[in-house]
Amino acid sequence: MALDKLKNVVQKQFPLTDIQSHLKQSGSVRLKRFIGSAPAFLLEKLRQGHPEMLIVFSNFEDAQFLKSDLEMLGVEDAMLFPPTGQKAYSNGEKQVSDSSVLVQRSEVIEQITHREHPLVITSSDALFEKIASSEAFTNASIKIEKGQEIGFDYLTEQLTDQKYERVQFVDEPGEFAVRGGIIDVFPFAGDYPIRIELFGDEIDSIREFDASSQRSVSFLDSARLVPNVEQLGTGTRQSLMEYFSNAAIFTLFDRPLIISDLQERYKFAESRF
């Protein structure tokens, strides 16, 4: 009941029909005194008519808070796109030490590329970092299917070309291992590594498994082996915004602060270049 009352209060203060009408007429809406949990209530309703949304904050912590609020309202498919912490033209001074960040970024790109209704929440520092184009990411992803004839050597060469590291046993994303006619791959998307069993050049089975216990988690008919989006060629890099269609809604929280942050990052990049 308390939740319903709060929804009604937000709806009265920020009428959804008025906002949608203004969006159609002018292409943008500016809301003031938009604080607390009000954004989550309004965005949850607004998304029903605009399935593609990119939401940007000036810092990533606020993005995480909004995702939690949306989950409380039953929105379970919101994705966080985190920053790597890298600075432009750092010349390797600081490498991304947390592989979970790379996995999360690659997984978001995979979801945007192959889903019709992406909802992504990010921050200005993450948005500033250019990533591989949608075409480059799709071309670098390896699609496999049960019964497919692919060739054992060809598959291992493809994984090596996509910067996967060959190890004895897979333990983290970006690794693959070979034993007889079995190839274990830990892709940069998904919760589990994938075990591919080949009979000659034909894929006999595909299954997710637990890396620590080696027990099967689920059997699959197909899988997509996603690369690390940060390691794809620099010649085709673009903004995250370009992954979205023209029908997408872009929501900026504290627009002047976001613009100021992006400008400062650009000035820094210019000075380092």
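Predicted, not measured: the structure shown is a model, and the values here were computed from it.

Participant: Sorry if this is basic, but what is going on with the sheet that holds strand β8 (residues 182–186) here?
Facilitator: By way of backbone hydrogen bonds, the strands of a sheet pair with one another, either parallel or antiparallel. Strands sit in the order β6-β7-β8-β9-β10-β11 across an open sheet of six strands; the sheet is mixed. Looking at which strands have only one partner, the edges of the open sheet turn out to be β6 (165–166) and β11 (216–220).

Participant: Can you walk me through the sheet that holds strand β1 (residues 53–57) in this structure?
Facilitator: With respect to topology, four strands assemble into an open sheet ordered β2-β3-β1-β14, the strand pairing being parallel. If you trace the sheet from one side to the other, it starts and ends with β2 (79–81) and β14 (249–252), each paired once. The mean angle between the axes of side-by-side strands here comes to 20°, regardless of whether they run parallel or antiparallel. Here β1 pairs with strand β3 (residues 119–123) via five bridges, running parallel.

Participant: Honestly, unusual backbone geometry in this entry has me stumped. Any pointers?
Facilitator: A negative phi angle is the norm for most residues apart from glycine, just as the trans form is the norm for most peptide bonds. Phi is positive for lysine 163, which is not a glycine, with a value near 70°. Following the sequence through the fold, lysine 163 ends up in the loop between α8 (152–161) and β6. By relative accessible area, which is 54% here, lysine 163 ends up exposed. Phi is positive for glutamine 214, close to 65°, though the residue is something other than glycine. Structurally, glutamine 214 can be placed in the loop between β10 (202–209) and β11. Of the residues examined, glutamine 214 reaches a relative accessible area of 32% and is grouped as partly exposed.

Participant: Explain the nonpolar core to me, please; I cannot follow it from the model alone.
Facilitator: Burial of nonpolar side chains together is a common tendency in soluble globular proteins. By size, the foremost hydrophobic cluster in this structure holds 24 residues, and its most contacted members are Phe81, Ile109, Ile112, Val120, Leu240 and Phe244. Elements supplying a minimum of two residues to this core: β1, β2, α5 (99–114), α6 (124–128), β4 (131–132) and α7 (134–140).

Participant: In this structure, what is going on with the pairing of β10? I would like to understand it.
Facilitator: Note on strand geometry: in a regular strand, side chains alternate between the two faces of the sheet. Of all eight residues in β10, six are buried; the element is thus mostly enclosed. Linking two consecutive strands that pair antiparallel, namely strand β9 (residues 194–199) and β10, is a turn of two residues; a positive phi of about 70° is found at glycine 200 within it. The sheet contact formed by β10 and β11 spans four bridges and is antiparallel. Considered in β11, the bridge of phenylalanine 209 is made with serine 216.

Participant: Any chance you could explain the confidence of the model for the protein chain here in plain terms?
Facilitator: Across the protein chain, the average pLDDT comes to 82, with 82% of residues at 70 or higher. β3 holds the highest mean pLDDT among the elements of the protein chain, 94, whereas helix α1 (residues 2–13) holds the lowest, 56.

Participant: How do you make sense of the side chain of serine 133 when you look at a structure like this?
Facilitator: Mapped onto the secondary structure, serine 133 falls in the loop between β4 and α7. On the accessibility criterion, serine 133 (10% relative accessible area) is buried. Polar side-chain contacts of serine 133 include one of 3.1 Å to the backbone nitrogen of alanine 136.

Participant: It is not clear to me how the packing of aromatic side chains should be interpreted in this structure. Could you clarify?
Facilitator: To describe a pair of aromatic rings, you give the distance between the ring centres and the angle between the ring planes. This model, assessed by the stated rule, comprises three aromatic pairs. Between tyrosine 164 and phenylalanine 188, the ring centres sit 5.9 Å apart and the planes meet at 65°, which makes this aromatic pair edge-to-face. Of this pair, tyrosine 164 sits in the loop between α8 and β6 while phenylalanine 188 sits in the loop between β8 and β9, placing them 24 residues apart in sequence. Aromatic pair phenylalanine 244 and phenylalanine 250: ring centres 6.1 Å apart, planes at 70°, arrangement edge-to-face. Here phenylalanine 244 falls in the buried class, since its relative accessible area comes to 8%. Lying over the aromatic face of phenylalanine 209, arginine 195 brings its terminal NZ or CZ to 4.1 Å of the ring centre.

Participant: I would appreciate a short explanation of the pattern of salt bridges in the present structure.
Facilitator: Two side chains with opposite charge may pair up if their charged atoms get near one another. All told, the structure shown has nine salt bridges when counted by the stated rule. For the salt bridge of glutamate 110 with arginine 224, the shortest nitrogen-to-oxygen distance reads 3.6 Å. Of this pair, glutamate 110 sits in helix α5 while arginine 224 sits in strand β12 (residues 222–225), placing them 114 residues apart in sequence. The exposure class assigned to glutamate 110 is buried, which follows from its relative accessible area of 12%. Here glutamate 197 makes a salt bridge to arginine 207, at a shortest N to O gap of 2.9 Å. Separated by 10 residues along the polypeptide, glutamate 197 in strand β9 and arginine 207 in strand β10 bring together distant segments of the chain. Residue glutamate 197 is classed as partly exposed on the basis of its relative accessible area, which comes to 23%. Judged by its relative accessible area of 15%, arginine 207 is buried. Each of Arg179, Asp184 and Arg195 takes part in one network of salt bridges that share partners.

Reading guide: rules and limits
Residues numbered from 1 in each chain as written. Predicted model: local features only at pLDDT ≥ 70, side-chain atom pairs only at ≥ 80, totals over all residues. Heavy atoms only, no water. Pairing = 2+ DSSP bridges. Helix = DSSP H or I, 4+ residues; strand = E, 2+ residues; numbered from the N terminus. Axes fitted to C-alpha atoms, helices over the stretch in contact; angles between N-to-C directions. Buried < 20%, exposed > 50% of the residue type's maximum accessible area, 1.4 Å probe, protein only. Core = buried A, V, L, I, M, F, W, Y, C linked by side-chain atoms within 4.5 Å. pLDDT = per-residue confidence, 0-100. Polar contact = N/O pair within 3.5 Å; in protein donor to acceptor, adjacent residues only side chain to side chain. Phe/Tyr/Trp six-rings, centres within 6.5 Å; stacked < 30°, edge-to-face > 60°. Lys NZ or Arg CZ within 6 Å of the ring centre and 35° of its normal. Salt bridge = Lys/Arg side-chain N within 4 Å of Asp/Glu carboxyl O.

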